[in-house]
Amino acid sequence: MPTQPSDRTNRDLNAANIRAAIKEHAADPIGDFTLTDKRAGRGEGRLTLRFKSGTATWRFRYTRPSGQRDYIAFGTLARGDAARGESAGAVFTEAQARAKAREFSALLRDPATADIREHIEEQKRQAQADIERRRAERIEAERNTLQALMEVYVEHLQNSGKSSAQSVRNAVRLHLTKSRPKLASTPAKAVTSRELASVVRELVEDGKERIAGLMRSYFAAAYNLALRAETDPSAPAAMLIFNISTNPAERIGTVEVKARDRLLTDAELLAVLNELRLATALGAKAMLLALLLGGQRPLQVARVRLSEWNPETGVLTLWDGKGKRKRPRKHLLPVLDEAASVLNDLSRIERSKGDYLFSNDGSSPIGPHTISRFMTELSVRLVDNGTASEPFQGRDLRRTAEQKMKYVLRVSKDMRAVIQSHGMGGVQDKHYDGDDEDSLAEKRRVQVAWAEYLRSLSDTSSKVTPMRKALP
């Protein structure tokens, strides 16, 4: 006959009573009775083992600071194999349950944790908060990477009208995204100077000093832009999410780059000019127009829109976004016969396609690689056939034009700067770069002399007479 409930009350919690209770509970699994540790002192709480509905549950009974009696259930009784080993999850032997009860007693004695249930709930809240914090940090780390920082920087350059935007994008993709994917995916604020220096160092060791120096400057500029974002309204708001407080690129030593001094001879310049005249590729046309106009930057020429060429006045508008200026500066150039013919031909072709004169789809201008690829192929071809003594680049044509204007045509330094739109100070901006008739007339005078010089290259009987007096 099953033991009556009254016989099961007020029994001490010990090994013998636990064994007896297990047998009784097996015979009457729907019963409800509790064993209580009677050895616990006053105010220390008591360990209990409650048998109910087939389960033996360990509980710690205590009185909350409010005077309310409470129970903390923390596990079940380990039986069979579990009773002979360590606790598995929330399963406890008697010895393990007593050890847990001592932990609760220690909490009860500390006023800060005396309300054990509230203490446990607070721990749960803290654990959940830690989980959410780590999740937020993981999302932030995935979103606010060095790669993302550089992309925002490139977008800022593009929105500011900087012609270098595409070149920076290509360099970052090649020398960071592809070559250092782990670094690219590192949170931008966690990137160290050593890690950035390793990118630059690898390029230097490969003999690519120029691109090494450029990558260093790109990193530095991107981090500086993020640093300014907090207080500079002109900096993109997207930079604020990176929480940048230091610029790791500032500690990277500068890379010494040997300045190019390649100048083309008259024969080489004539060969290049003839090749450009015969070529039909848009990259060649942009390079030809840049040369005919006195050595302009081909990327600026490649971005010319239909509306920026006025065939009636013979004036072309370029936009110079080089340097630290926040907005591109208007650069007006008088256009003579051959250059005007190139622009008119392109206008007729492109008018039905879109806004850009040098475009494959009408909606966007050709990129820098289109021009540089053509010039690289041309350089290789002319070197191979003996026409050119050594390789050359598109920027060598600009340098050659500037030197010819200086030593052959005797064009003043200020006027050369105006024609090629480089290194211009406030005085030059004020006196030479306006759209008034006097300014355009001075520019036209130089353009006429330059066109005559180019014509003289193919006429051995012709001799260009230097200007008697350098332009002011």
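Note that the structure is predicted; figures quoted are calculated from it, not measured.

About the cut-offs
Residues numbered from 1 in each chain as written. Predicted model: local features only at pLDDT ≥ 70, side-chain atom pairs only at ≥ 80, totals over all residues. Heavy atoms only, no water. Helix = DSSP H or I, 4+ residues; strand = E, 2+ residues; numbered from the N terminus. Expected span 1.5 Å × (residues − 1). Buried < 20%, exposed > 50% of the residue type's maximum accessible area, 1.4 Å probe, protein only. Pairing = 2+ DSSP bridges. 1 Å grid on protein atoms, 1.4 Å probe; cavity = no way out; pocket = protein on both sides within 12 Å on 5 of 7 lines; lining within 4 Å. Points joined across faces, edges and corners; volume = space filled by probe spheres on them. Nonpolar A, V, L, I, M, F, W, Y, C, P; charged D, E, K, R; others polar. Axes fitted to C-alpha atoms, helices over the stretch in contact; angles between N-to-C directions. Parallel < 35°, antiparallel > 145°, perpendicular 65-115°, else oblique. Contact = heavy atoms within 4.5 Å. Polar contact = N/O pair within 3.5 Å; in protein donor to acceptor, adjacent residues only side chain to side chain. pLDDT = per-residue confidence, 0-100.

1. Description of helix H2 (residues 94-109)
For H2, which comprises 16 residues, the first-to-last C-alpha distance of 23 Å matches the rise-based estimate of 22 Å (1.5 Å per residue) to within 8%. For H2, the complete set of buried residues consists of Gln-96, Ala-97, Arg-98, Ala-101, Phe-104, Ser-105 and Leu-108.

2. What to know about the pairing of strand S8 (residues 315-320)
With respect to burial, S8 is a largely interior element, five of its six residues being buried. Bridge count for strand S7 (residues 309-310) against S8 is two bridges, and the pairing is antiparallel. By the bridge assignment for S8, Asn-310 is matched with Val-315. What sits between the antiparallel neighbours S7 and S8 is a turn of four residues, in which Gly-314 has the positive phi angle 70 degrees.

3. Looking at the layout of surface pockets
Any empty space left between atoms is shown by rolling a water-sized probe over those atoms. Here the second largest pocket defines a volume of roughly 510 Å³. For the second largest pocket, the lining is made up of 22 residues, of which Gly-161, Lys-162, Arg-303, Tyr-356 and Pro-365 are closest to its centre. For the lining of the second largest pocket, the elements supplying multiple residues, two or more each, are helix H5 (165-178) and S8. The residue inventory of the lining of the second largest pocket, partitioned by class, reads nine nonpolar, eight polar and five charged.

4. Here we look at the packing of helix H4 (residues 146-159) against helix H8 (residues 209-228)
Viewed as axis vectors pointing N to C, H4 and H8 meet at an angle of 85 degrees, and their least axial separation amounts to 9 Å. Between H4 and H8, the angle is such that the two are roughly perpendicular. In this structure, H4 contributes Leu-146, Leu-149, Met-150, Tyr-153 and His-156 to the contact, and H8 contributes Tyr-218, Phe-219, Ala-221, Ala-222, Tyr-223, Leu-225 and Ala-226. Tallied by class, residues from the contact of H4 with H8 come to 11 nonpolar, one polar and no charged.

5. What about the environment of Asn-344?
Mapping Asn-344 onto the fold places it in helix H12 (residues 337-350). Owing to a relative accessible area of 27%, Asn-344 belongs among the partly exposed residues under this scheme. Each C-alpha atom of the pair Asn-344 and Leu-357 lies 9.7 Å from the other, and the pair is 13 residues apart in sequence. Leave out the neighbours within four places in its chain, and Asn-344 touches Trp-309 and Pro-311. A distance of 2.9 Å separates the side chain of Asn-344 from the side chain of Trp-309, its partner in a polar contact.

6. Focus: the confidence of the model for the protein
In the predicted model, the protein carries a mean pLDDT of 86, and 87% of its residues have values of at least 70. Predicted confidence is poor over residues 1-6, with pLDDT under 50, and the contacts of this stretch with residues over four places away or in other chains come to three contacts.

7. Some points on the sheet that holds S8
Reading across from one edge, S7-S8-S9 is the order of the three strands in this open sheet, with antiparallel pairing throughout. Whereas interior strands pair on both sides, the edge strands pair on one side only; in this sheet they are S7 and strand S9 (329-334). With six bridges joining them, S8 and S9 adopt antiparallel strand pairing. Bridge assignment links Asp-320 to a residue of S9, and that residue is Arg-329. Of the strands in this sheet, S8 and S9 are in contact with helix H17 (residues 437-457), which crosses S9 at around 55 degrees.

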